Amino acid sequence: MTGHEREYTSTGTPPWKSPVALSVLLHLLVMGIALAGWSWTSPDHEPPPRSISARLITQQEPEPSPVVEPVDQPDRDDQRRAEEKREAEAEKQRQQEEARRAAEQKAKEEAQRRQAEQERKQQQAQAREKEAQQAREAEAARQKAEAEEKARERRKAEEEKRQQEEARRKAEEEKRRQEEQRKLEEQRKREEAERRQREEEARKEAERKRLEAERRLREQQLEAQAERAAQAREEEARLQQQAAAARARETQMLSESEKYQALIRERLSQAWYPPSSATEEMTARLQITLLPTGELAGVKLVSSSGNTAFDNSALSAVQSLNRYPIPDERDTFERYFRQFTIEFNPRRLK
């Protein structure tokens with residue numbers, strides 16, 4: 001129930017029956033009655049108003065009364081009657097005004113009484129409505145409490161049912177999990193047994209292959225040893241032959257190199273002119289590099305004699321030869337004459 005609905009139910013009276021509306025209606029009714037009475041009342045049927053005569057007494061000296069003509073008497077009667085008529089109309093209006101006021105006062109009192117009665121009834125209705133509202137609210141609160149209690153009991157029952165369902169589901173899941181675990185364990189054991197069997201078979205096969213490989217290896221090793229022994233004997237014989245040939249070759253090369261070294265020393269001795277300041281203790285060592293054609297590729301002073309003129313004379317002698325005598329054998333040339341050193345000394349040249 002909203003606030004507007006509670007307010008309408010508390011008054012219990014339509015807007016056109018409110019005290020203000022009733023008061024306005026009563027005033028309009030009194031004014032209508034007064035106007036109707038004024039128009040319906042005729043002066044001919046009303047009693048003549050009471051006349052009031054007054055006389056003004058002054059202290060002035062009396063004046064002589066005017067001579068009244070007999071012909072003026074009708075005019076004074078007409079004036080008197082007109083005056084009486086006006087006074088009667090005024091009295092009538094006064095009475096009507098008093099009646100109107102009385103009617104208004106009565107209507108006002110009646111309206112106040114009715115308003116008071118209406119207010120009393122309205123207050124009683126409001127009190128009854130308030131009591132009814134309180135009773136309805138109490139009933140609504142009771143129903144709400146009952147509904148909440150029922151909802152709590154329903155939720156509790158639903159929760160208990162859900163917990164039971166959950167427990168049953170968990171039990172079923174646990175049972176299913178244990179069954180699956182048992183199956184998996186059995187399958188794992190079977191697979192483990194099969195794996196062990198395969199491993200055992202593989203191990204036996206590997207052992208058989210290993211033994212077979214070892215046997216073949218021993219045979220191959222024996223064959224290889226025999227072959228290596230034969231090759232070793234052949235290699236030894238070949239090395240002996242090569243050594244003998246090398247010794248012979250070395251002897252030949254050495255002999256050949258000694259021959260050409262002697263030729264080179266002789267040619268250098270012929271081309272060397274030591275300075276006059278040279279002594280027998282002076283020795284200059286030079287490194288000579290030759291080309292395969294016997295031409296000089298380069299010369300370098302390796303050890304100085306201490307005398308510049310002596311060193312320069314040795315260098316000039318080496319550089320003066322256009323072609324050096326070298327052997328035709330390339331191996332002999334590469335070994336002994338590609339690069340060699342020679343010493344210049346006044347007593348010897350080696």
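Residues numbered from 1 in each chain as written. Predicted model: local features only at pLDDT ≥ 70, side-chain atom pairs only at ≥ 80, totals over all residues. Heavy atoms only, no water.

### Brief notes about the overall build of the protein chain
Now for step 1: Within the protein chain, the secondary structure is distributed over five helices and three strands.
Now for step 2: Each helix and strand of the protein chain, ordered N terminal to C terminal, gives the series α-α-α-β-β-α-α-β.
Now for step 3: Across the 350 residues in the protein chain, those meeting the buried criterion constitute 13%.
Now for step 4: Counting only contacts in the protein chain whose residues sit at least 6 apart along the sequence, the fraction spanning at least 24 positions is 76%. (Helix = DSSP H or I, 4+ residues; strand = E, 2+ residues; numbered from the N terminus. Buried < 20%, exposed > 50% of the residue type's maximum accessible area, 1.4 Å probe, protein only. Contact = heavy atoms within 4.5 Å.)

### Focus on the nonpolar core
Now for step 1: One finds Leu 268, Leu 286, Leu 290, Val 318, Tyr 324, Phe 337 and Phe 344 to be the most contacted residues of the largest nonpolar core, which totals 24 residues.
Now for step 2: Elements with a contribution of two residues or more to this core: α3 (73–271), β1 (284–290), α4 (308–320), α5 (330–337) and β3 (339–344).
Now for step 3: Broken down by element, the residue count for this core peaks at five residues, all from α4.
Now for step 4: The contacts of Leu 286, once residues within four sequence positions are left out, are Val 299, Lys 300, Leu 301, Val 302, Ala 314, Leu 315, Val 318, Phe 340, Thr 341, Ile 342 and Phe 344. (Core = buried A, V, L, I, M, F, W, Y, C linked by side-chain atoms within 4.5 Å.)

### Describing the sheet that holds β3
Now for step 1: Within the open sheet, the three strands sit side by side as β2-β1-β3. Their pairing is antiparallel. The outermost strands of the open sheet, each flanked by one partner alone, are β2 (296–303) and β3. Each neighbouring strand pair of the sheet contributes to a mean axis angle of 25°, computed without reference to strand direction.
Now for step 2: Where β1 lies against β2, six bridges are found, and the strand directions are antiparallel. (Pairing = 2+ DSSP bridges. Axes fitted to C-alpha atoms, helices over the stretch in contact; angles between N-to-C directions.)

### Description of the side chain of Glu 129
Now for step 1: Considering the arrangement of structural elements, one finds Glu 129 in helix α3.
Now for step 2: For Glu 129, a relative accessible area of 16% translates into the label buried.
Now for step 3: Among the polar contacts made by the side chain of Glu 129, one reaches the side chain of Arg 136 at a distance of 2.7 Å. (Polar contact = N/O pair within 3.5 Å; in protein donor to acceptor, adjacent residues only side chain to side chain.)

### Re the environment of Pro 325
Now for step 1: When you line up the elements, Pro 325 lands in the loop between α4 and α5.
Now for step 2: Distance in space between the C-alpha atoms of Pro 325 and Leu 263 is 6.7 Å, their sequence separation being 62 residues.
Now for step 3: Ignoring sequence-local partners within four residues, the contact set of Pro 325 consists of Tyr 260, Leu 263, Ile 264 and Arg 267.

### Comments concerning a nonpolar patch on the surface
Now for step 1: Together, Val 20, Val 24, Leu 25 and Leu 28 give the surface a local cluster of nonpolar side chains, amounting to about 400 Å² of exposed area.
Now for step 2: Tracing the sequence through the fold places Leu 25 in helix α2 (residues 19–40). (Patch = residues over 30% accessible without salt bridge, like charges linked within 9 Å, V, L, I, M, F, W, Y side chains within 5 Å. Areas by Shrake-Rupley, 256 points an atom, 1.4 Å probe, with all protein chains shown as cover. Salt bridge = Lys/Arg side-chain N within 4 Å of Asp/Glu carboxyl O.)

### Observations concerning the pattern of salt bridges
Now for step 1: Scanning the model with the defined rule gives 41 salt bridges in all.
Now for step 2: In this structure, Arg 203 and Glu 200 form a salt bridge, with 2.4 Å as the shortest nitrogen-oxygen distance. Taken together, the residues Arg 203 and Glu 200, both in helix α3 and three residues apart, mark about one turn of the helix.
Now for step 3: For Arg 203, a relative accessible area of 46% gives the class partly exposed.
Now for step 4: Of the charged contacts, one joins Arg 215 and Glu 212 as a salt bridge, the two residues approaching to 2.2 Å between their closest N and O atoms. In this pair, Arg 215 and Glu 212 both sit in helix α3, three residues apart, roughly one turn of the helix.
Now for step 5: Looking at Arg 215, the relative accessible area reads 32%, which means it is partly exposed.
Now for step 6: Salt bridges sharing partners connect three or more residues here, namely Glu 97, Arg 100, Arg 101 and Glu 104.

### Concerning the packing of aromatic side chains
Now for step 1: Within this structure, the stated rule accounts for four aromatic pairs.
Now for step 2: Taking the centre distance of 6.5 Å and the plane angle of 80° together, the rings of Tyr 260 and Phe 337 count as edge-to-face. Taken together, the positions of Tyr 260 in helix α3 and Phe 337 in helix α5 put the pair 77 residues apart, joining distant regions of the chain. The same class applies to Tyr 260 as to Phe 337, namely buried.
Now for step 3: Ring centres 6.1 Å apart and planes at 75° place the aromatic pair Phe 337 and Phe 340 in the edge-to-face group. For the residue pair Phe 337 and Phe 340, the accessibility class agrees, reading buried in each case. (Phe/Tyr/Trp six-rings, centres within 6.5 Å; stacked < 30°, edge-to-face > 60°.)

### Concerning α4
Now for step 1: For α4, with 13 residues, the first-to-last C-alpha span of 18 Å sits near the 18 Å given by 1.5 Å per residue.
Now for step 2: Along α4, the residues that are buried comprise Phe 310, Asp 311, Ser 313, Ala 314, Leu 315, Ala 317 and Val 318.
Now for step 3: Sitting at the amino-terminal end of α4 is Asn 307, which places a side-chain oxygen 2.9 Å from the backbone nitrogen of Ala 309. (Expected span 1.5 Å × (residues − 1).)

### Quick look at the side chain of Asn 307
Now for step 1: With respect to the helices and strands, the residue Asn 307 is situated in the loop between β2 and α4.
Now for step 2: Take Asn 307: its relative accessible area is 16%, and that puts it in the buried class.
Now for step 3: Polar contacts involving the side chain of Asn 307 include one to the main-chain amide nitrogen of Phe 310, which spans 3.1 Å.
Now for step 4: Not counting chain neighbours up to four residues away, the residues in contact with Asn 307 comprise Ser 277 and Met 282.

### Topic: α5
Now for step 1: Every buried residue of α5 is accounted for by Thr 332, Phe 333, Tyr 336 and Phe 337. An end-on view of α5 places all buried positions within 100° of arc, on one side of the element. (Arc of directions from axis to C-beta.)

### Some details on the confidence of the model for the protein chain
Now for step 1: Counting all residues, the mean pLDDT for the protein chain is 82, and 82% of those residues have values of 70 or more.
Now for step 2: Averaged pLDDT values for the elements of the protein chain fall to 46 in helix α1 (residues 3–11) and rise to 95 in β1.
Now for step 3: When the criterion is pLDDT under 50, residues 56–61 qualifies, and its contacts beyond four places in sequence or with other chains add up to zero contacts. (pLDDT = per-residue confidence, 0-100.)

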